[in-house]
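Topology and contacts: notes
Each chain is listed here by its residues.
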Amino acid sequence: ASVRGRGSSGIAADREASMRLVIMLVLTLLLLCLESVAVKLFGFSVMRLDVTVALVVFLGLRANTVEGSFTAFCIGYLLDVFTGRPTGLYPFLAVLVFLLVRLLASFVDARARALYAVMAGTATLGHALLAVFFSWLTSRSGTGAAATLSGLPLQVALTAVAGFLLWPLLLKLDPGHE
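Residues numbered from 1 in each chain as written. Predicted model: local features only at pLDDT ≥ 70, side-chain atom pairs only at ≥ 80, totals over all residues. Heavy atoms only, no water.

Some words on empty space enclosed by the protein
All chains considered together, the criterion is met by two cavities of 30 Å³ or more. Taken as a whole, the largest cavity encloses approximately 120 Å³ of empty space. R20, L21, I23, M24, F58, L59, R62, A63, E67, T71, L173 and D174 together form the lining of the largest cavity. Listing elements by their share of the lining of the largest cavity, those giving two or more residues are α1 (8-42), α2 (51-62) and α3 (65-83). No other element matches the four residues that α1 contributes to the lining of the largest cavity. Empty space within the second largest cavity amounts to approximately 50 Å³. Taken together, the elements giving at least two residues each to the lining of the second largest cavity come down to α2, α3 and α4 (89-105). (1 Å grid on protein atoms, 1.4 Å probe; cavity = no way out; pocket = protein on both sides within 12 Å on 5 of 7 lines; lining within 4 Å. Points joined across faces, edges and corners; volume = space filled by probe spheres on them. Helix = DSSP H or I, 4+ residues; strand = E, 2+ residues; numbered from the N terminus.)

What follows is the structure, given as structure tokens:
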């Protein structure tokens, strides 16, 4: 029962990886919709709740490199679509954050809920600073960075709280590696 030299366990693993990708992308869409409503509802004009970074950090801790980087790219692209920023900025930053978290995960064991929340907040700080830097670097006017940076502490704190709250749900969706 082999298809192109692969056993049924290889096909099952491919299906499982595909399902994880689809589930993560559906969850991303749902969370981006909720984030959009929450930002509008609470009147956050300068900052946003960065749930996508929390998802990418989770991938960095739990997914293999190829699957995780592709999923991080897709999450970044969805964020590009939702924000209307220059196409390519957020997919690049999502993959970069994923790879940096993968590197950091080899030194720090972040399987605890609180540590994951701290990593999500820290990754949000780096993600936002890099987004501001690259936007400033590529824009003609170079304005808006001060307004974005003024909301950064609250954005980091809210993303850490969101990561703390999302941890049990994410573990149910991907229970491996324990």
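Next comes the rest of the account.
A look at the side chain of D50
Structurally, D50 can be placed in the loop between α1 and α2. Every residue in contact with D50, bar those within four places of it in the chain, is listed here: E35, L79, T124, H127, Q155 and T159. (Contact = heavy atoms within 4.5 Å.)

A few points about the packing of α3 against α4
Between α3 and α4, the shortest axis-to-axis distance is 7 Å and the interhelical angle comes to 145 degrees. Between α3 and α4 the crossing geometry is right-handed. Residues T65, G68, S69, A72, F73, G76, Y77, L79, D80 and T83 of α3 lie in contact with α4, whose contacting residues are L89, Y90, P91, A94, V95, F98, L99 and R102. (Axes fitted to C-alpha atoms, helices over the stretch in contact; angles between N-to-C directions. Left-handed = near helix turned anticlockwise from the far one by under 90°.)

Side note on the packing of aromatic side chains
Inspection of the entire model under this criterion finds six aromatic pairs. Geometrically, the ring pair formed by F58 and W167 is edge-to-face, given 5.8 Å between the ring centres and 75 degrees between the ring planes. Taken together, the positions of F58 in helix α2 and W167 in helix α7 (residues 152-173) put the pair 109 residues apart, joining distant regions of the chain. For F58, a relative accessible area of 1% puts it in the buried group. With relative accessibility at 5%, the residue W167 sits in the buried group. Here the aromatic rings of Y116 and W167 are separated by 4.8 Å at their centres, their planes lie at 35 degrees, and the arrangement is tilted. Taken as a pair, Y116 in helix α5 (residues 113-138) and W167 in helix α7 lie far apart in primary sequence, 51 residues in all. Residue Y116 shares its accessibility class with W167, and that shared class is buried. In textbook terms, an aromatic cluster arises when at least three aromatic residues are bridged by ring pairs, as seen for F92, F133, F134 and W136. (Phe/Tyr/Trp six-rings, centres within 6.5 Å; stacked < 30°, edge-to-face > 60°. Buried < 20%, exposed > 50% of the residue type's maximum accessible area, 1.4 Å probe, protein only.)

Quick look at the pattern of salt bridges
Taken as a whole and judged by the stated rule, the model has one salt bridge. Of the charged contacts, one joins E67 and R20 as a salt bridge, the two residues approaching to 2.8 Å between their closest N and O atoms. In this pair, E67 sits in helix α3 while R20 sits in helix α1, placing the two residues 47 residues apart along the sequence. Given a relative accessible area of 16%, E67 falls into the buried group. (Salt bridge = Lys/Arg side-chain N within 4 Å of Asp/Glu carboxyl O.)

A few points about a nonpolar patch on the surface
Side chains of L100, L103, L104, F107, V108 and L115 sit close together on the surface and give an oily, nonpolar patch of about 560 Å² of accessible area. Within the element layout of this structure, V108 appears in the loop between α4 and α5. (Patch = residues over 30% accessible without salt bridge, like charges linked within 9 Å, V, L, I, M, F, W, Y side chains within 5 Å. Areas by Shrake-Rupley, 256 points an atom, 1.4 Å probe, with all protein chains shown as cover.)

Some words on α4
Given a rise of 1.5 Å per residue, 17 residues ought to cover 24 Å, and the 24 Å separating the end C-alpha atoms of α4 matches this to within 8%. Taken as a whole, α4 has its buried residues at L89, Y90, P91, L93, A94, V97, F98 and V101. Lining the buried residues of α4 we find α2, α3 and α5. (Expected span 1.5 Å × (residues − 1).)

Bear in mind that shape data such as this cannot, by itself, settle questions of function.
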